[in-house]
Amino acid sequence: MKRDRSGHFLIAQNARVLYVPTTKVASSTARLLLAEANGTYRPERLRWTDAPNISVDQGIHNLEVSGLQYFEFLPETQRDHILKSSNWWRVGLLRDPYARLYSVWENRVLLRAPSPWLKNFQHKCSEVLIDGRLDYGASFRKFVNVLRAEPEIFGDDPHFKSQRTHLGGDQVAFTHLFRVDKPGELDIFATQLGQRVGMKIEPRRLNEGLGLKHLDVMDAQTASVVEQIYEDDFDAYGFERVSFPSISPIALASVGETKAINYARDVTARLVQLSQLARYRQRSRYLLAQILRNSGLRRHKKHR
């Protein structure tokens, strides 16, 4: 029996698009494009959510903001129709595995974006410092070797999973697959999507990183490890295996940049704390209200 991997699939019902998101493959940009095409983008709702978002743009991952739907909650007959109908688009995005893994490291490990599994791998993937300056290259290469040797410590964090796993293996017959690392591919997607719904839509780059690229930190040995970890992606989607220099590139942050990264981590950690506090208070108020009602100390409101 084939495993159902559709839990994260998204539906833009009005635009008739099934989107299968992959982490660190322009997922935020794609969600925003689809929400706009669907006519359901509501950024003003972000203020009522308790997610630890650094910016308004990050709120697009909240369904209250995007208005997109989870595919798995639709009736089975509707799901079957979407997977087979010629009237529906089935869209996936792809990205060079070298570039994607660098982006994952920068976001999840270096900047410590919120993750339930962060505490499991944070120590073993700690950054390499030289005279108080962050060594981007050595830190990234250290992480890649840990990912190969101990993949279990990264838990079920989808950011470290292969693109083939995200895209559901052979579960979806895609009508559109776009390579976001190729110039102009996202623009083509936005143009075609806009034509489909009769509006002009332009992609916006969201969640941009620190300005470095995988080319600044990758050497031949590390590239070989990346190819081993994501062998299924290279084989399934025809990604080119690139020759990198045998000598490890040097990429050092300044002392000021290193301090700024530590400050950004502290801000993120504080946002997570505030988010958890907001959820706790909301649940506590609900539980207290239920206890009072059940004990007869608070009356149910009568609806007129």
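**Some thoughts on the overall build of the protein chain**
In step 1: Helix and strand counts for the protein chain stand at 11 helices and 7 strands.
In step 2: A burial count over the protein chain gives 40% of its 304 residues as buried.
In step 3: Contacts spanning at least 24 positions in sequence make up 76% of the contacts within the protein chain whose residues lie at least 6 apart.
In step 4: Per element, the accessible surface of the protein chain, about 17,300 Å² overall, is 50% carbon and sulfur.

**Focus on the pattern of salt bridges**
In step 1: Summed over all chains, the structure comprises 7 salt bridges.
In step 2: A salt bridge links Lys124 to Glu150; the nearest nitrogen and oxygen atoms lie 2.5 Å apart. Here Lys124 is found in the loop between α5 (118–121) and β5 (129–130), whereas its partner Glu150 is found in the loop between α6 (136–149) and α7 (163–166), with 26 residues between them in sequence.
In step 3: For Glu150, a relative accessible area of 23% corresponds to the partly exposed category.
In step 4: Salt-bridge contacts for Asp181 lead to Arg179; the nearest nitrogen and oxygen are separated by 2.6 Å.

**A few points about the nonpolar core**
In step 1: The biggest cluster of nonpolar side chains holds 44 residues, and the ones touching the most others in it are Leu101, Tyr136, Phe140, Phe143 and Phe154.
In step 2: Of all the secondary structure elements, the ones that give two or more residues to this core are β2 (17–20), α4 (97–110), α5, α6, α9 (220–229) and α10 (231–237).
In step 3: Counting residues per element, this core draws most heavily on α4, which supplies 7 residues.
In step 4: What Tyr136 contacts, discounting residues up to four positions off in sequence, is Trp105, Leu110, Leu210, Leu212, Val217, Ala251, Leu252, Ala253, Glu257 and Ile261.

**Some words on the pairing of β2**
In step 1: Of the two faces of β2, both are covered, the one formed by Val17 and Tyr19 as well as the one formed by Leu18 and Val20.
In step 2: Where strand β1 (residues 10–12) meets β2, 3 bridges bridge the pair, whose relative direction is antiparallel. Of the residues in β2, the one forming a bridge with Ala12 is Val17.
In step 3: Between the antiparallel neighbours β1 and β2 lie 4 residues, among them Arg16 with a positive phi of about 55°.
In step 4: Of the pairings in the sheet, the one linking β2 to strand β4 (residues 89–94) comprises 4 bridges and is parallel in character. Across the sheet, residue Leu18 finds its bridge partner in β4, namely Arg90.

**Observations regarding the sheet that holds strand β7 (residues 176–179)**
In step 1: Ordered in space as β3-β1-β2-β4-β7, the 5 strands form an open sheet in which the pairing is mixed. The open sheet has two edge strands with one neighbour each: β3 (69–70) and β7.
In step 2: When β1 meets β3, the two strands line up antiparallel, connected through 2 bridges. Residue pairing in the sheet places Leu10 in a bridge with Tyr70 of β3.
In step 3: Across the sheet, helix α3 (residues 76–84) touches β1, β2 and β4, and the angle it forms with β4 is around 65°.
In step 4: Seen against the sheet, helix α8 (residues 185–197) touches β2, β4 and β7 and runs at an angle of roughly 145° to β7.

**A closer look at the packing of aromatic side chains**
In step 1: According to the stated counting rule, one finds 16 aromatic pairs in the structure shown.
In step 2: Plain terms: the ring middles of Phe9 and Phe71 are 5.9 Å apart, the flat faces sit at 40° to each other, and that makes the pair tilted. In this pair, Phe9 is assigned in the segment before β1 and Phe71 in the loop between β3 and α3, connecting sequence segments 62 residues apart.
In step 3: Aromatic pair Trp105 and Phe140: ring centres 5.8 Å apart, planes at 75°, arrangement edge-to-face. Of the two residues, Trp105 is situated in helix α4 and Phe140 in helix α6; the sequence distance between them amounts to 35 residues. Residue Trp105 shares its accessibility class with Phe140, and that shared class is buried.
In step 4: Through successive ring pairs, a cluster of aromatic residues spans Tyr102, Trp105, Phe121, Phe140, Phe143, Phe154 and Phe160.

**Digging into α4**
In step 1: Taking 1.5 Å of rise per residue, 14 residues should cover 20 Å, and α4 covers 18 Å from first to last C-alpha, within 8% of that figure.
In step 2: Where burial is concerned, most of α4 is hidden: 13 out of the 14 residues are buried.
In step 3: Phi for Arg112, located one or two positions after α4, is positive at around 55°.

**A closer look at unusual backbone geometry**
In step 1: Residue Lys24 is not a glycine yet carries a positive backbone phi of 60°.
In step 2: With respect to the helices and strands, the residue Lys24 is situated in the loop between β2 and α1 (27–38).
In step 3: Residue Ala26 is not a glycine yet carries a positive backbone phi of 55°.
In step 4: In this fold, Ala26 is placed in the loop between β2 and α1.

**Some points on α9**
In step 1: For α9, the set of buried residues is Thr222, Ala223, Val225, Val226 and Glu227.
In step 2: Each element contacted by the buried residues of α9 is listed here: α4, α6 and α10.

**A closer look at the side chain of Arg31**
In step 1: In this fold, Arg31 is placed in helix α1.
In step 2: The buried charged residue Arg31 lacks any salt bridge partner; its closest oppositely charged side chain belongs to Asp157, at an N-O distance of 12 Å.
In step 3: Residues in contact with Arg31, not counting those within four places in the same chain, are Leu10, Tyr19, Pro21, Ile60, His61 and Leu68.

Each value, and the rule that gives it
- Residues numbered from 1 in each chain as written.
- Predicted model: local features only at pLDDT ≥ 70, side-chain atom pairs only at ≥ 80, totals over all residues.
- Heavy atoms only, no water.
- Helix = DSSP H or I, 4+ residues; strand = E, 2+ residues; numbered from the N terminus.
- Buried < 20%, exposed > 50% of the residue type's maximum accessible area, 1.4 Å probe, protein only.
- Contact = heavy atoms within 4.5 Å.
- Areas by Shrake-Rupley, 256 points an atom, 1.4 Å probe, with all protein chains shown as cover.
- Salt bridge = Lys/Arg side-chain N within 4 Å of Asp/Glu carboxyl O.
- Core = buried A, V, L, I, M, F, W, Y, C linked by side-chain atoms within 4.5 Å.
- Pairing = 2+ DSSP bridges.
- Axes fitted to C-alpha atoms, helices over the stretch in contact; angles between N-to-C directions.
- Phe/Tyr/Trp six-rings, centres within 6.5 Å; stacked < 30°, edge-to-face > 60°.
- Expected span 1.5 Å × (residues − 1).
- Lys, Arg positive; Asp, Glu negative; His and termini not counted.

By themselves these figures say nothing about function.
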